[in-house]
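Take a look at the letters that make up each chain.
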Amino acid sequence: MTENLYLFVDTNLFIQCRDLSELDWSEWKDFSEVHLIVSLPVQREIDRQKTRGNDRVGQRARNTYSSLFREIATGEKEYQLVNMVEPQVRLFLESPSRPDRELASSLDYSRPDDEIVGCLSRFAKEHAHFDVRLLTHDTGPMMTARGLGLSVSPIRDDWILPPENNEEERKVARLKQEVSRLKKVEPQFDIRCVDAGGEEIEVLKLVHRIYSPLSEDDVSHCMDLLERRFPIETEFNHRNRVRPPIIATAIFGQRSYFEPASEEAIRNYRENDYPEWLDNCREWLTGVHETLQGKEGFPCFTFEVTNAGSRLGKDALVVIRARGDFKICPPPFEEDELEETEKMGLRVPTPPKPPRGRWKLSDTSLSRMLEGLNTLCRAPLVDIPSLNAPLYTSQTPRRDPNAFYYKPARITEPADTFSLECEQWRHGTCGESFVGDIFISEDATKASGALECEIHAENLSEPVIKRIPVRIEVQHPSASDYAENLVNPPWDMLFRSNKPEE
């Protein structure tokens, strides 16, 4: 065995650890004796804590003072024997002395932890041939002592008592039980953010394309392709292009004759219809990137919310909020907007039909009869009102208490937030989906932030919030390649190459 080990103990050895006689001291069995030195700041702290109430700290401080310190302090004993087997552990109270004066400028002796380290330093200097260490469970004095080159022996975690369930903690536990009981009679909302396949996601990652407009050169190039594909007509009275009324002449024996296109119709085609079509095509090409953008759509999100509780949500309010460099808006669910979306197409404006000469029957009575039949067959059907249609429709229909309505109204422009309300949110149903579009600045290269779905209800003690990070990559393709394929599609060239010569 070697010489003695001197451990300057921290207060937590007496307050937070099990009884000293129950601790495993075999870690230092190679030493002859282990001396536990209780410095003056630790003695003062134990003396102060013994006046506390009946919690663990007060009780252990009083037991420590009465069973360990009192006989040493009164001079009846020089030390207390804590462990009799190897190693033998003895407890000593350090006589009143000041901490290391040389460290007064670097340590704050008004703090007990620094004062303990100062006492350790002074003792180690006075007994340079001793193995002197600090015994503590707190990281603060550990770091301070090691920073000064002093030795440290950390208190083992298995020496520490489990947390005390004191009166305050018991009160908190009772309150938690009460809150849990109350929550059981509340609606319980489960919020998920899902992708296009309905799978739950924790981060919304999307790629969004924003089309750049065509340059003036691109528009001119596309216009040249259109004029070559649909050149202005120069031949209007080619008889072989219009078939004569063979059936009428064969059955009724009527004579037919060819009536050429009128000069007025030809002039109107050349001076009005065809130039106007070219103007429409140029305007269409100028805005084709917006048409492509309409087909592309916007990045979107979906929150699925289920009331899994045992109560319906009264006067529920759902708030969808954007936090970041983007805006949000409900999707275009209105009928007028749907119709407008359906009309939006990637088709070049139809070129005007040139005037043509036509074959006519010489007998005007039969000709008028056939024209009348033709007109009758093309007449539109008359829209007859349904006999089951209600005679009276209220202008302010009663709201469905279980349905969701935008509050105060459905917004049509991108904003930071929009809300929906429901008078009675049923529980035990398949859930509700709340969908929205994400709008990004046209010159952005990326967008990030978070989406929040927040739910309030009259019978909900606190709102339920789901926050999803958003990461959007923005691409800026040019619309020129799309436009060229639209005005001069490859398959059209194939069809035209197979057409016979007229």
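These notes cover the structure that comes with them. (Residues numbered from 1 in each chain as written. Predicted model: local features only at pLDDT ≥ 70, side-chain atom pairs only at ≥ 80, totals over all residues. Heavy atoms only, no water.)

Helix and strand counts for the chain come out as 14 helices and 18 strands. Counting over 502 residues, the chain shows a buried share of 35%. Across the chain, every contact between residues at least 6 apart in sequence was considered, and the portion connecting residues at least 24 apart equals 76%. For the chain, the exposed surface amounts to about 31400 Å²; the carbon and sulfur share of it is 50%. (Helix = DSSP H or I, 4+ residues; strand = E, 2+ residues; numbered from the N terminus. Buried < 20%, exposed > 50% of the residue type's maximum accessible area, 1.4 Å probe, protein only. Contact = heavy atoms within 4.5 Å. Areas by Shrake-Rupley, 256 points an atom, 1.4 Å probe, with all protein chains shown as cover.)

Pro87 follows Glu86 through a cis peptide bond whose omega is -10°. Each neighbour pair has its own omega, and for Lys407 with Pro408 the value is -10°, a cis peptide bond. If you trace the backbone, Pro408 turns up in the loop between strand 14 (405-407) and strand 15 (417-425).

With that out of the way, let us pick up the pairing of strand 11 (residues 313-324). Relative to strand 15, strand 11 runs antiparallel, the two sharing eight bridges. Within strand 15, the residue paired with Ile320 across the bridge is Phe418. With eight bridges joining them, strand 11 and strand 17 (residues 446-456) adopt antiparallel strand pairing. Bridge pairing in strand 17 links Ile320 to Cys453. (Pairing = 2+ DSSP bridges.)

Another point: the sheet that holds strand 12 (residues 327-329). Spatially, the four strands line up as an open sheet ordered 7-10-16-12, and their pairing is antiparallel. In the strand order of this sheet, the two ends are held by strand 7 (189-194) and strand 12, each with one partner. The sheet shows a mean angle of 30° between the axes of neighbouring strands, taken without regard to direction. Of the strand pairs in this sheet, strand 10 (residues 300-307) and strand 16 (residues 432-439) are connected by six bridges, and their pairing is antiparallel. Bridge pairing links Cys300 to Asp437 in strand 16. (Axes fitted to C-alpha atoms, helices over the stretch in contact; angles between N-to-C directions.)

Time to look at the environment of Arg270. Secondary-structure assignment places Arg270 in helix 9 (residues 263-286). Along the chain, Arg270 and Ile232 lie 38 residues apart, while their C-alpha atoms are 7.6 Å from each other. The contact partners of Arg270, leaving out residues within four places of it in the chain, are Ile232, Thr234, Phe236 and Pro275.

This part takes up the nonpolar core. Within the largest apolar cluster, 46 residues are counted, with the highest numbers of intra-cluster contacts made by Leu13, Phe14, Trp28 and Leu36. The contact partners of Leu13, leaving out residues within four places of it in the chain, are Leu20, Leu23, Leu36, Leu135, Ile155 and Trp159. Core analysis: the second largest hydrophobic core is formed by 34 residues, Ala322, Phe418, Ile438 and Ile468 among them. (Core = buried A, V, L, I, M, F, W, Y, C linked by side-chain atoms within 4.5 Å.)

Moving on to helix 3 (residues 56-73). For an α-helix the count is 3.6 residues per turn, leaving residues at separations of three or four pointing the same way. Considering bend angle alone, the principal kink of helix 3 is centred on Ser66 and spans about 35°. Listed as buried for helix 3 are Val57, Gly58, Ala61, Thr64, Leu68, Phe69 and Ile72. Among the structural elements, helix 1 (12-15), strand 2 (33-38), helix 2 (40-49), strand 3 (80-83) and strand 4 (88-93) are those in contact with the buried residues of helix 3. Remark: Gly75 follows helix 3 within two positions and exhibits a positive phi of approximately 85°. (Bend = angle between axes of the 7 residues up to and from the residue.)

Our focus in this paragraph is the packing of helix 2 against helix 3. For the pair helix 2 and helix 3, the least separation of the axes is 8 Å and the interaxial angle reads 125°. Classified by the interaxial angle, the pair formed by helix 2 and helix 3 is oblique. The two elements helix 2 and helix 3 cross, and the hand of that crossing is left-handed. Packed against helix 2, whose contacting residues are Ile46, Asp47 and Gln49, the element helix 3 presents Val57, Gly58, Ala61, Thr64, Tyr65 and Phe69 at the interface. Residues belonging to the contact of helix 2 with helix 3 are distributed by class as follows: five nonpolar, three polar and one charged. (Parallel < 35°, antiparallel > 145°, perpendicular 65-115°, else oblique. Left-handed = near helix turned anticlockwise from the far one by under 90°. Nonpolar A, V, L, I, M, F, W, Y, C, P; charged D, E, K, R; others polar.)

This part covers the pairing of strand 1 (residues 5-9). Taken across its five residues, strand 1 has five buried, putting it largely inside the fold. What you see with strand 1 is no split at all: Leu5, Leu7 and Val9 on one side and Tyr6 and Phe8 on the other are buried throughout. Bridge count for strand 1 against strand 2 is four bridges, and the pairing is parallel. Looking at strand 2, one finds that Phe8 is bridged to Ile37. Judged from the five bridges that link them, strand 1 and strand 5 (residues 131-136) form a sheet pairing that is parallel. In the strand pairing of strand 5, Val9 is matched with Leu135.

A separate point is the side chain of Glu454. With respect to the secondary-structure elements, Glu454 resides in strand 17. Polar side-chain contacts of Glu454 include one of 3.0 Å to the side chain of Arg321. (Polar contact = N/O pair within 3.5 Å; in protein donor to acceptor, adjacent residues only side chain to side chain.)

Scanning all chains against the criterion turns up 18 aromatic pairs. Seen from their ring centres, Phe8 and Phe123 are 5.1 Å apart, and the 55° between their planes marks the pair as tilted. With Phe8 in strand 1 and Phe123 in helix 4 (residues 112-126), the pair connects residues that are 115 residues apart, well separated along the chain. The same class applies to Phe8 as to Phe123, namely buried. Considering the side-chain rings of Phe230 and Trp277, the 5.9 Å spacing of their centres and the 90° angle between planes classify their relative orientation as edge-to-face. Of the two residues, Phe230 sits in the loop between helix 7 (216-229) and helix 8 (246-252) while Trp277 sits in helix 9, which places them 47 residues apart along the sequence. What makes Phe230 partly exposed here is its relative accessible area of 25%. You can call Trp277 buried: its relative accessible area is 3%. Three or more aromatic residues link up through ring pairs in this structure, and these residues are Tyr6, Phe8, Phe123 and Phe130. Seen from the ring of Tyr405, Arg399 lies directly overhead, with NZ or CZ sitting 4.2 Å from the centre. (Phe/Tyr/Trp six-rings, centres within 6.5 Å; stacked < 30°, edge-to-face > 60°. Lys NZ or Arg CZ within 6 Å of the ring centre and 35° of its normal.)

Sheet architecture is open: six strands sit in the order 8-18-17-11-15-14, paired in mixed fashion. Two strands close off the open sheet at either side, each with one partner strand: strand 8 (204-209) and strand 14. Strand after strand, the sheet turns through a mean of 25° between neighbouring axes, direction not considered.

Once that is clear, we can look at helix 5 (residues 139-147). Those residues of helix 5 lying buried are Pro141, Met142 and Ala145. In an axial view of helix 5, the angular spread of the buried residues amounts to 105°, which keeps them on one side of the axis. Among the exposed residues of helix 5, those oriented more than 90 degrees off its buried face are Thr139, Met143 and Gly147. Looking at the buried side of helix 5, the elements it contacts are helix 4, strand 5 and strand 6 (151-154). Just downstream of helix 5 lies Gly149, where phi reads positive at about 80°. (Arc of directions from axis to C-beta.)

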